Amino acid sequence: MSYARIQGTGHHLPKRVLTNADLEKMVDTSDQWIRERTGISTRYLVEDGETTCDLAEQASRKAMQAAGVGADDIDLVIVATTTPDRVFPSTACLLQKRLGIHGGPAFDIQAVCTGFVYALGVADKFFRAGSSRRALVVGAETLSKIIDWTDRTTCVLFGDGAGAVVLEASDTPGLLSTHLHADGDFEHLLTTRGGVSEGLPDGADTAYVHMKGNEVFKMAVKTLGRIVDETLEANGLEKSQIDWLVPHQANYRIIEATARKLGLPMERVVVTVAEHGNTSAASVPMALDVAIRDGRIQRGDTLLLEAFGGGFTWGSALVRY
Ligand code: COA
């Protein structure tokens, strides 16, 4: 059997920075409240006209360069996004065109903040089935487009960005296991009001994010705790064998709770939430690339990637880098 191994990574942030001080001028909030409750100081936002595919393209080019591969080498493109450029074609097809990749399957995955972990899980199955030899897997978002910038309970949390990995076929597993879950009974915790087929509520010009923050917090801690156990058990690993936790960057306190569950000191956790905010499907691949490029994550290290999000969805990937 052939397995997937991470060959190269990349990430891209838009230029515009929105600080907590900027938000203080927009809604009734404070830098102190945001930092204490979430750990976030800044987030990056696209300019008008800048799209999810623009961010995905930049991140992908960096990942392909790091992997030393060209467009002709890629036989599968998966983009995890909740904020596609268009209803259709998929952002993956738009990205394929930008990068000059032709012929192989290209599709989007929509699992909100768990999207990138879902995309890795799906890509892994392509490799194990012998259907892909080299894949581009991307998490890219312009969440700022579906944020109600007058709602202080959500607008302080989110940002835009993209992260990408190139996976190559290998005789030994890089993706050791992936674990994907969802429970639609909890869809109301984190959702948009309306959409393409339901239509929009009166007066709304887009389908804005709506969240029961407190309940999401509790659900996140509970499901992530469970998935840590599930992942370790499936691989016959002890907690101490995890070198790095690369978590979804939603809230510093949620990240800390998962690290505690793993018995990992925070020095072994990749944390980008302070600078990036919550970039949904982009958060895990961006954090991964940051820690690979600054030399913290080394070849041979064992990484636990995890995420949770709207759906309610949650998942993990155990990776030997
Ligand atoms: N600035 C100042 N005050 C705010 C605020 C803001 N941006 N947002 C909410 N508040 C207020 C609330 O109105 C509430 O006021 P009240 O006590 O007078 O009613 C108070 O702060 C506490 O609100 P609460 O929602 O209980 O705070 P919290 O400690 O749960 O923190 C979150 C709120 C959103 C930071 C936290 O619940 C969270 O991070 N949840 C998970 C969200 C998440 O991860 N989402 C993404 C999933 S992928």
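Heads up: the structure comes first, above all this text.
Reading the values: the criteria
- Residues numbered from 1 in each chain as written.
- Predicted model: local features only at pLDDT ≥ 70, side-chain atom pairs only at ≥ 80, totals over all residues.
- Heavy atoms only, no water.
- Near = heavy atom within 4 Å.
- Polar contact = N/O pair within 3.5 Å; in protein donor to acceptor, adjacent residues only side chain to side chain.
- Areas by Shrake-Rupley, 256 points an atom, 1.4 Å probe, with all protein chains shown as cover.
- Helix = DSSP H or I, 4+ residues; strand = E, 2+ residues; numbered from the N terminus.
- Nonpolar A, V, L, I, M, F, W, Y, C, P; charged D, E, K, R; others polar.
- Domains from an automatic or database assignment.
- Axes fitted to C-alpha atoms, helices over the stretch in contact; angles between N-to-C directions.
- Parallel < 35°, antiparallel > 145°, perpendicular 65-115°, else oblique.
- Left-handed = near helix turned anticlockwise from the far one by under 90°.
- Contact = heavy atoms within 4.5 Å.

### Some remarks on the site of the ligand
Near the ligand you find 23 residues, and of these Thr29, Arg37, Gly213, Asn214 and Asn251 are the closest. In this structure, a nitrogen atom belonging to the ligand sits 3.4 Å away from a side-chain N or O atom of tryptophan 33. Here glycine 213 contributes a backbone N or O atom positioned 2.9 Å from a nitrogen atom of the ligand. Compared with its free state, where it exposes 960 Å², the ligand has 73% of that area covered by protein. Elements represented by at least two residues in the shell around the ligand include exactly α2 (31-38), α6 (152-155), α7 (213-235), α8 (252-262) and β12 (302-309). With four residues, α7 is the single largest residue contributor to the shell around the ligand. Looking at the shell around the ligand residue by residue, the class counts come to 10 nonpolar, nine polar and four charged. Of the domains in this structure, domain 1 (3-171) and domain 2 (176-320) are the two that each give at least three residues to the shell around the ligand.

### Considerations on the packing of α7 against α8
Their axes nearest at 10 Å, the elements α7 and α8 cross at an angle of 30 degrees. Looking at the two axes, α7 sits roughly parallel to α8. For the crossing formed where α7 meets α8, the hand is right-handed. Judged by residue contacts, Phe217, Ala220, Val221, Leu224, Gly225, Val228, Asp229 and Leu232 of α7 engage Arg253, Ile254, Ala257, Thr258, Lys261 and Leu262 from α8. Of the residues contributing to the contact of α7 with α8, the split by class is nine nonpolar, two polar and three charged.

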